[in-house]
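Secondary and tertiary structure notes
Read off the chains here:
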Amino acid sequence: MTATWLIARRELGAYLRTMSGYVIAAVVLFVDGILFNVRALGGQQDRLSTEVLSQFFENSSGLVMAASVFLSMRLLAEERQNGSMVLLASSPVRERDIVLGKFLSAFIFLTLITLAGLFMPMLILVNGKLSFGHVAAGYLGLLLLGSAALAIGTLGSTLARSQLLAAIISGCMVVCMIVVWMLGTVTERPLNDVFFALALWGRHFPPFQAGIIHLRDVVYYLAVTYFALFVSIRVLEARRWR
Amino acid sequence: MIEVDKLSKYFGERAAIRDLSFSITKGEVVGFLGLNGAGKTTTLRILGCLLLPTSGTVRVDGLEVTQNPYEIRRRIGFLPDVPPLYPEMTVASYLTFAARLRQVPARETAARIAEAEEKTALREVHGEVISELSHGYRQRVGLAQAIVHKPALLILDEPSAGLDPAQIVEMRNLLHGLRGEHTVLISSHFLTEISQTCDRLLVIHNGELVGQGSEGELATAMGQGGNAIEVEVRGQPADLAERLAKLPAVSKAHGRATSEDTTVFEITASADIRAEVARLLVSAGCDLLRLTRSESRLESIFMNLTQAGGPQ
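Here's a quick rundown of the structure. (Residues numbered from 1 in each chain as written. Chains lettered and ligands numbered in written order. Predicted model: local features only at pLDDT ≥ 70, side-chain atom pairs only at ≥ 80, totals over all residues.)

Observations concerning the overall build of chain A
Looking only at helices and strands, one finds 13 helices and zero strands in chain A. The linear arrangement of helices and strands in chain A, starting from the amino end, is α-α-α-α-α-α-α-α-α-α-α-α-α. Against the 2.2 N^0.38 benchmark of 18 Å for 242 residues, chain A shows a C-alpha radius of gyration of 19 Å, consistent with a compact globule. Dimensions of chain A along its principal axes, counting C-alpha atoms only, are 60 × 45 × 30 Å. Within the span of chain A, comprising 242 residues, buried residues form 45% of the whole. Once local pairs closer than 6 in sequence are excluded, the contacts in chain A between residues at least 24 apart make up 77%. (Helix = DSSP H or I, 4+ residues; strand = E, 2+ residues; numbered from the N terminus. Rg over C-alpha atoms; globule rule 2.2 N^0.38 Å. Buried ≥ 20, exposed ≤ 12 C-beta atoms within 10 Å, placed from the backbone. Contact = placed C-beta atoms within 7 Å.)

Right, here's the structure in full:
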């Protein structure tokens, strides 16, 4: 078993053995359910199935980002807070294994929470038709968005000494990455293209929401994930100097 | 096993340790003494590959810590002052994780855990959740994770910190049990523990090594060599200090009244002269209340070295 998977498995066990994982899952599913009923199913009666589905993915994308911040805040900050980081740091494992293992566990848990809400789009079948391609594209978008937000959260957790501070740092980074899209609306080309391209949600998620997969958007989310994890590893390596 | 040469570590402008040089041979049990902030933990963290030095070299088993940290980490067991535990795990699952992390093969893991639990007396809490254990047990779990992979070098930072007197004695016995199997470097504030457990001492003060050697060697270097004896007698016998000082091998003897009718004499000699002292006291007609080896010698050495920055 590789060190990455060993750490991921222990971390996943920690989500399942403590209340925090269940509380986050319960809150996300509860709020998602309410939003689905009020925003997606409620309102005008003659709504198309694809509009309901699109609204569901929009609701879920916000919750996935929020859940990512709360799931990732404990990853490394908690280890520093209670001193258990020394166990990993004095063992023959690389910083890369630690960061990837932690990220992987949070991503698996986030995937489980996200897929637990799958019954909601299935409810559309009661009164309408469902495009399974649209569902698959939407879920792919949610998981890619979650992966990027979790990687940003992992970076926040690497930088902070406490979980609260990690959540604040990660939350700020995610919000900045979202609102950078607004800067694009008030600036001119070519600057606005840069802002639109960098935005975490505004340009890259709506196609998934509509059931369309662009390679450009997939590459963007993977690149954000890679970059944030890369910086996290470097921060952890640099800590040996301090 | 460990060779440290001109090791320095700066945090900004502040030097945590400066030009430390010492070596530890295989199988030795060495005590690391120093006041709070002296640089003990920084040194141990560098030896454990948790921190990089600013300058100087550190070799563990012939490997340089900056060049081969992963190789060195396979050979060390590290117990920091706060045991690195995951409270939600059971003792068994935690030790399994620690063993697998230290690359113990899966087929040997159960046997290694059983061995570590045996040595640290943890068998009875094998299935217990760590958060429900007492402080003493948690400290033992910390020690078990450090030895589960049978490391050649064991680094223990304040292993008795926060333990009650009974737990301190238990911990001392556990450390005695590790003798012979590992090279051990222990930092501790408990001078009795160090005195009874270690072959040799390293005394650090303000980031510099101010003394190293066995307790006897340090005492000799500080002018307190030989055997120190304390004698308590009834009354305040005249000229007894002079008569004790005239005994062969005695270098110093002086008395102080501890109450109206008792006097304590502190005698320093180059050999064990307890029998001669007893005979002298009986022949002088003194009522002998107590005759013991002085327990405070290490304390006195430590205070002298850390207050005066004594000789190395």
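We are not done yet, so read on.
Section: the overall build of chain B
In terms of regular secondary structure, chain B is built from 11 helices and 14 strands. Taking the principal axes of its C-alpha atoms as reference, chain B extends roughly 70 × 45 × 30 Å. Per-residue burial over chain B gives 42% buried out of 312 residues. Considering only contacts within chain B whose residues lie at least 6 apart along the sequence, 68% involve residues at least 24 apart.

With respect to the sheet that holds strand β10 (residues 208-213) of chain B
All names here are of chain B. An order of β6-β7-β8-β3-β9-β10 is seen for the six strands of this open sheet, with the pairing classed as mixed. The sheet is open, and its two borders are formed by β6 (76-79) and β10, each paired with just one other strand. Each adjacent strand pair in this sheet contributes to an overall mean axis angle of 15°, direction not counted. Looking at chain direction, β6 and strand β7 (residues 153-157) are connected through four bridges and run parallel. Considered in β7, the bridge of G77 is made with L154. Together, β3 (29-33), β7, β8 (183-187) and β9 (200-205) form the strand contacts of helix α1 (residues 40-47), whose direction differs from that of β7 by roughly 150°. (Pairing = 2+ DSSP bridges. Axes fitted to C-alpha atoms, helices over the stretch in contact; angles between N-to-C directions.)

Observations concerning the interface of chain A and chain B
Across the boundary between the two partners, chain A contributes 19 residues, which contact 23 residues of chain B. Secondary structure elements with two or more residues in the side of chain A that touches chain B: α1 (3-17) and α5 (85-89) of chain A. Per element, the largest residue contribution to the side of chain A that touches chain B is five residues, and it comes from α1(A). A per-class count over the side of chain A that touches chain B returns 10 nonpolar, five polar and four charged. (Nonpolar A, V, L, I, M, F, W, Y, C, P; charged D, E, K, R; others polar.)

What about the packing of helix α5 (residues 135-147) of chain B against helix α6 (residues 165-178) of chain B?
Residue and element names in this part refer to chain B. Packing of α5 against α6 brings their axes to within 11 Å, and their N-to-C directions diverge by 15°. By the criterion of interaxial angle, the relationship of α5 to α6 is roughly parallel. Crossing geometry of α5 relative to α6 is assigned as right-handed. In contact with G136, Q139, L143 and I147 of α5, α6 contributes Q167, E170, M171, L174 and L178. (Parallel < 35°, antiparallel > 145°, perpendicular 65-115°, else oblique. Left-handed = near helix turned anticlockwise from the far one by under 90°.)

Concerning α6(B)
Residues and elements named next belong to chain B. The end-to-end C-alpha separation of α6 is 20 Å, in line with the 20 Å expected for 14 residues at 1.5 Å each. Where α6 is concerned, the buried positions are M171, R172, L175 and L178. Projected down its long axis, α6 carries its buried residues within an arc of 110°, all on one side. Away from its buried face by more than 90 degrees, α6 exposes A166, N173 and H176. Against the buried residues of α6 lie α5, β7, β8 and α7 (191-197). (Expected span 1.5 Å × (residues − 1). Arc of directions from axis to C-beta.)

Concerning the environment of A:S91
When you line up the elements, A:S91 lands in the loop between α5 and α6 (95-116). Leave out the neighbours within four places in its chain, and A:S91 touches B:R73, B:L101 and B:R102.

What to know about unusual backbone geometry
The amide bond that connects A:R189 to the next residue, A:P190, takes the cis arrangement and shows omega of 5°. Examined against the element boundaries, A:P190 turns out to sit in the loop between α10 (163-186) and α11 (191-198). Even without glycine at this site, B:D61 takes up a positive phi of about 55°. Turning to its location among the elements, B:D61 is positioned in the loop between β4 (55-60) and β5 (63-64). C-beta crowding within 10 Å serves as the criterion here: with 17 such atoms nearby, B:D61 is assigned to the partly exposed category. Notably, B:A249 is not glycine yet its phi reads approximately 80°, a positive angle. By C-beta crowding, B:A249 is classed as partly exposed, having 14 other C-beta atoms within 10 Å.

Focus: the pairing of strand β11 (residues 227-234) of chain B
All names here are of chain B. Bridge count for β11 against strand β13 (residues 262-269) is eight bridges, and the pairing is antiparallel. In the sheet register, I229 faces β13, and the bridge partner there is I267. Strand direction decides the pairing type here: β11 and strand β14 (residues 288-293), joined by five bridges, are antiparallel. Across the sheet, residue V233 finds its bridge partner in β14, namely L288.

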